[in-house]
Structures are given as structure tokens and as C-alpha cells.
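# Chain and residue survey
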Amino acid sequence: MADPWLRPLDWGVVALYAGGLIVLGVLASRRRLAPVDYFLASRGTTWPVIGLSLLATNISSTALVGLTGGAYSTGLSVFDYEWSATLILVFFCLFLLPSIIRSRIFTMPEYLERRYDRRARLLFALLTLFLNVVVDSAGVLYSGSLVCQLLFPAWPLWMIVAVLAGGAGIYTIVGGLRSVIYTEAVQAVVLLASAALISVSAFQRAGGWHAVMTQVDPAALSLIRPIDDRGLPWPGLLLGVPLLGFYYWCTNQSIVQRMLSARDLDEARWGALFAGFLKLAVLFLIVLPGTCALLLFPHLPRADMVYPTLILHLLPVGFAGLVVAAFVAATIVSIASLLNSASTLITMDVVRHFKPHLSDARTVWVGRVSTAAMLIVAVLWAPQLQRFPSLWQYLQAVLAYAVPPVVAVFGVGMFWRGANAEGAAATLILGSLCGLALFIVNGVLRLTHLHFIYAAPILTFIDSAILVLVSIRTRDAATVIQTDAPSPAASWSFLSEKVSGLPFWKNYRWQAAALVALTALVVIAFR
């Protein structure tokens, strides 16, 4: 039976909200059959939709549960992953986004093919599919199911996983990226409003801002933590977090796909910077309510219980239903987003390679079938995550061990013309094996006690060395850069690019500078 804190009015709100999102998705996706429509929303998305869609993709049920729970258990240092994302998005807009948009690609593996060769494309596509399905999709399904299980305690976890996955799968298969991206925009607005309501209610019940800032342990209110901190030591913040962020915000298909759907480069830049601005608000809307919970609910059995407890205890009738609906929708929209990205990778990076003359309608059909296949894999794996010590540890550890080869191939290739196809292939293969070996030694066998955040810079250094050494040794035997590839010199194009005819507040350079300054103020205030 349903949780007694949710009244009939709440369930009515849930039903209306869910029905409204379904109608919006159907209306947004009708009469779209070409791949550019199904996978990239016709390349006609504007910056507000891109920014809101990026936020909704990122702030999934995993983030809602993880950030509030992280603030409750380890302090505000969990927000370091959020404010650093703002700086990474600024870097992305300046150095990498222009060449990505101008290349008119469908996927990030396709970008690697133009920079290196077909092997790099296939290897990166396989790694991205693994992370999208086994890490991201399964993590979202698992975290969303945990909260939904509080509402339906009689339902087993696997049944809730199946229901959430079924809704997301139907939604994505029918509509494609157009239905996902526009409902994500609406979802982001509702999510921000709901989070603001929870935040205000939490601070009011806790006695106000001053009470929270004075009664909570000062260590839990600091973003910069000492070197022996168990959550996020400062060397890890400096060396590890930016690498994980670079993978997630600059190369992850589910994120970059939103900017690939932009009407033009300016819309993509403005959307990315808008998302960076919204990420700063996460501190006040999602993270600090978890800090308030230290005063309101100091004896919760698990940190993952913080967010649903805030919903069910602080919100009035009707509003609780809206927030529950927003949470469930965040889960479904995030899964839909990840599944659409996965099907894009399979269709554009694998199927079209072997069958380049496949019709547009047939290509879209293959995308829909591949979405269903990815969904089944995620559903089968999601319940297994309860075997790990914590969801947060699972997600971050897998990324720290798995993504360094990608960071090396993209990062070195952006700025060094000498990186070639042989070096990239060796890095993606040997780097993945190095990550697997370190994960087994440190994470499974516990032969060492290395914090997972340090694994990322260590492996990235090794992978970069592999790329450089192999590229130098095979310089005469391999093509350095293809004729249609993005040149490393293009990474610095923003220095000479002229922006005319726009007021200064629409100039992305001024926007980026203002965003960096605002981020610095937030970090200094909570250092």
C-alpha cells in the first residue's frame, strides 16, 4: 500500500503531472522520422532548453539522493563535484565545443574517428555504452527504486525497477531525443521549484540560516577538506575531480548530445553556460537541505533516507505529491536520456558502419530496438547494486578507474598534433586494462588502500604516457590527423574569434568570465 503521508490529493497531483509529461512528449515527437530528428532533435534546440535539459539529465534521482545524503554523512564537500562542473563547462565552451559543433557529428565516438581512426571510434563507443548502461542507467534505476519503495513498501525492488524502466523505455523508443529534451526542460523547472520549496521548508524548520550555520559542525560546512578527509581530500579535489568532470561534461554522449542538438554554436555555448550557472544553485536547493537534516533528523538509519524524509515530513498536502511526481519523473527522464544516447551510439557508430546505405526509417527502427536491448541489460543489473557497500562509492569508483583512457585521448589530442591513431588505440586498450587491474588490486582484493579519487590522476598520467610514447614510435607508420579532422589548433580559436553585433551580456566570453567569478565567490564563502 502507499505511504500514509501521501493523501489522495497528492496522488492526484502525481497522476496529472505524469500524464502531462506523456502528452508533452508525444506532441514534441510526432512526425519525426529522420535520424537527425530522432537522435538530435532536428538540430534546432535553443539555449534555455539545452541548459535546462543538461540540468535535468545531471540531477537525476541518483543526484537527489546522493547529494542530500552526502551532505548529511560527509558534509558540503559533496558539492565540490558540482561547482567544479561549472568551471569544466566554461573550459568546454572555450576549447572543445566549437570544433564539435562545426564538425556536424552525431556522436562523440564519431569525433574521435575524425581525429584518429575507426578503431578509436569503436573502442570509445563500447566503453561509453558500458558506462551508460551498467553505471548510469542502472544507478538511476536503483536509486529511483529505493525511494519509490518507500512509497510502495510491499513492492519488491525488482518490480519497481521494471516499472520505471518500462515507462522510460516506451517514452524514449516512441519519441527519441525530441520528446526527451523538451520534457527534460519542463522537468528541470519543476525540479528547481520543488527543490526550492524543500530548501525553504528545511531551513524554516531548522531555525533559519544562522541556526544551521552555527549549530552544525564547521567541518561539515567546508568545501575544502584536509588531506586525511575520508570523503574528498583536497588533493583529490585538485587532481581527480576535474578529470572525472572532463569525461562527464565534455565527452559523455548523454551530455554532449544536448549541445549537438543546438541550432548553432552560440545557442550551444549559451546553453552550456546556463547549465553551469544552474549547477551553482544546487548548493542551496539540494545540498544544504541535507545539512539541515542533521538538525531535523539526526538519527536516520541511512543517509539515502534524507531526501524522501524531507519530502514526506516537511511539505503540505498537494505539494508533497508534486515533489514525489518530480522525483519519479526525474528518474524516468534520466533513464530515457541515457537510453537515447546509448541507442544513438549503437546506431550511428556500429550499425551505419556495417550498413552505410540503410534507409532513414530503418535506421530509426534499429535505434528503437537497440534502446529496448539496453533497457533489458540495465534492468537486470540494477538490483545487483544493492550488493555493493554504497551507490555513491560504486558510481565514483567505476568512473575513476574506467574513464582515464578517454580523458587522455581527448585531452592530449586536443592540444598535441603528434597524437596519432596507433597511440589512441593503444591507450584505449591498454589504459582500460590498467584501470581494471588497479580496480581489482585496490577495490576488490584490498591489497592497497588508495582513495578512489587518486586512481583517476594516476591512471590518466599512465594513459597519457602510453599515448605519447606509442605515437612517437609509430609517427612514420600512422596518419597523424585525417584531412577532415578537427585540428588541435582549433582548440585555441576562441582567442582570435570575433564576436560582433551582440551586446556584451550575450558575449560568451563575458558570460564565462562572470560565471568563473561567481563560482569563486561561492567557493570562498564556504571554503
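Conventions used here
- Residues numbered from 1 in each chain as written.
- Predicted model: local features only at pLDDT ≥ 70, side-chain atom pairs only at ≥ 80, totals over all residues.
- Heavy atoms only, no water.
- Helix = DSSP H or I, 4+ residues; strand = E, 2+ residues; numbered from the N terminus.
- Buried < 20%, exposed > 50% of the residue type's maximum accessible area, 1.4 Å probe, protein only.
- Contact = heavy atoms within 4.5 Å.
- Areas by Shrake-Rupley, 256 points an atom, 1.4 Å probe, with all protein chains shown as cover.
- Salt bridge = Lys/Arg side-chain N within 4 Å of Asp/Glu carboxyl O.
- Patch = residues over 30% accessible without salt bridge, like charges linked within 9 Å, V, L, I, M, F, W, Y side chains within 5 Å.
- Axes fitted to C-alpha atoms, helices over the stretch in contact; angles between N-to-C directions.
- Parallel < 35°, antiparallel > 145°, perpendicular 65-115°, else oblique.
- Left-handed = near helix turned anticlockwise from the far one by under 90°.
- pLDDT = per-residue confidence, 0-100.
- Expected span 1.5 Å × (residues − 1).
- Polar contact = N/O pair within 3.5 Å; in protein donor to acceptor, adjacent residues only side chain to side chain.
- Phe/Tyr/Trp six-rings, centres within 6.5 Å; stacked < 30°, edge-to-face > 60°.
- Disulfide = S-S within 2.5 Å.
- Bend = angle between axes of the 7 residues up to and from the residue.

Another aspect to go through is the overall build of the protein. Along the protein, the regular secondary structure elements total 21 helices and zero strands. Within the protein, the fraction of its 527 residues that count as buried is 60%. Contacts spanning at least 24 positions in sequence make up 83% of the contacts within the protein whose residues lie at least 6 apart. Within the structure as shown, the protein displays about 20800 Å² of accessible surface, and the carbon and sulfur contribution to it stands at 69%.

This structure, assessed with the given rule, holds seven salt bridges. Across the salt bridge formed by Glu113 and Arg118, the nearest N and O atoms sit 3.3 Å from each other. Classification of Arg118 by relative accessible area gives partly exposed; the value is 21%. The partner of Asp229 in a salt bridge is Arg225, and the shortest N-O contact between them spans 3.4 Å.

A few words now on a nonpolar patch on the surface. Judged by side-chain polarity, Ile429, Leu430, Leu433, Leu436, Ile440, Val441, Val444, Leu445 and Leu447 come together as a nonpolar surface patch covering roughly 800 Å² of accessible area. Assignment of secondary structure puts Leu447 in the loop between helix H19 (421-444) and helix H20 (452-473).

Interaxial distance between helix H18 (residues 404-415) and H19 falls to 8 Å at its minimum, and their mutual angle equals 160°. When the interaxial angle is binned, H18 and H19 end up roughly antiparallel. Between H18 and H19 the crossing geometry is right-handed. Across from Pro405, Val406, Ala408 and Val409 in H18, the residues of H19 making contact are Ala424, Thr427, Leu428, Gly431 and Ser432.

With that settled, consider unusual backbone geometry. One non-glycine residue, Arg104, lies in the positive phi region at around 55°. Note that Arg104 resides in the loop between helix H5 (80-103) and helix H6 (108-115). With relative accessibility at 49%, the residue Arg104 sits in the partly exposed group. In this structure, Arg446 is a non-glycine residue whose phi angle is positive, near 60°. Following the sequence through the fold, Arg446 ends up in the loop between H19 and H20. For Arg446, a relative accessible area of 45% corresponds to the partly exposed category.

Here we come to the confidence of the model for the protein. This prediction gives the protein a mean pLDDT of 82; 83% of its residues lie at or above 70. When mean pLDDT is compared element by element in the protein, H20 scores highest at 96, while helix H2 (residues 35-40) scores lowest at 46. Low pLDDT, under 50, characterises residues 31-41; the predicted model gives this stretch 48 contacts beyond four residues in sequence or across chains.

Moving on: H19. Here H19 is 24 residues long and its end C-alpha atoms lie 33 Å apart, about the 34 Å a rise of 1.5 Å per residue gives. Where H19 begins, one side-chain oxygen reaches toward the backbone nitrogen of Glu422, 3.3 Å away; that side chain belongs to Asn420. Where H19 terminates, the next one or two residues include Arg446, which has phi positive at roughly 60°.

What follows concerns the packing of aromatic side chains. Counted according to the given criterion, the structure contains 13 aromatic pairs. Relative to Phe410, the ring of Tyr111 lies with its centre 6.1 Å away and its plane at 5°, an arrangement referred to as stacked. Placement of the pair is Tyr111 in helix H6 and Phe410 in helix H18, with a sequence separation of 299 residues. The exposure classification of Tyr111 matches that of Phe410, with both residues buried. Here a set of aromatic residues connected by ring pairs shows up, and it is made of Phe91, Phe95, Phe246 and Phe415.

All right, on to the side chain of Thr474 then. On the secondary structure map, Thr474 appears in the loop between H20 and helix H21 (508-525). The class for Thr474 is buried, based on a relative accessible area of 19%. At 3.2 Å, the side chain of Thr474 forms a polar contact with the side chain of Asn420. Discounting chain neighbours no more than four positions away, the residues touching Thr474 are Asn420 and Glu422.

One pass over the full model with this rule turns up zero disulfides. Between Cys250, a free cysteine, and Cys93, which holds the nearest cysteine sulfur, the sulfur-to-sulfur gap is 8.8 Å.

Okay, the environment of Ser261 next. With respect to the helices and strands, the residue Ser261 is situated in the loop between helix H12 (253-260) and helix H13 (265-296). Expressed as a C-alpha distance, the spacing of Ser261 and Ile50, which sit 211 residues apart in the sequence, is 8.3 Å. Only 2.6 Å separates the side chain of Ser261 from the backbone oxygen of Arg258, close enough to count as a polar contact.

Moving on, we get to the environment of Leu123. Assignment of secondary structure puts Leu123 in helix H7 (residues 118-151). Assessed through its relative accessible area of 28%, Leu123 is described here as partly exposed. Each C-alpha atom, one on Leu123 and one on Pro109, is 8.3 Å from the other, the two residues being 14 residues apart in sequence. Those residues within four positions of Leu123 in sequence are excluded, and the remaining contacts are Ala425, Leu428 and Ile429.

Remark: H19 packs on H20, axes separated minimally by 8 Å, with the N-to-C direction vectors making an angle of 150°. Our classification of the angle between H19 and H20 gives roughly antiparallel. Both H19 and H20 take part in a crossing whose hand is right-handed. Here Glu422, Gly423, Ala424, Ala426, Thr427, Leu430, Gly431, Cys434, Gly435 and Leu438 of H19 lie close against H20, whose contacting residues are Ala455, Leu459, Ile462, Asp463, Ile466, Leu467, Val470 and Ser471.

Its location among the elements puts Ala525 in helix H21. Once the C-alpha coordinates of Ala525 and Leu223 are considered, the two residues, 302 residues apart in sequence, prove to be 9.3 Å apart.

Taking 1.5 Å of rise per residue, 24 residues should cover 34 Å, and H5 covers 32 Å from first to last C-alpha, within 8% of that figure. Along H5, the helix axis deviates most sharply at Leu96, where the bend reaches about 55°; the proline Pro98 sits within four residues downstream. Judged by how many residues are buried, H5 sits mostly within the fold: 21 of 24 residues are covered.

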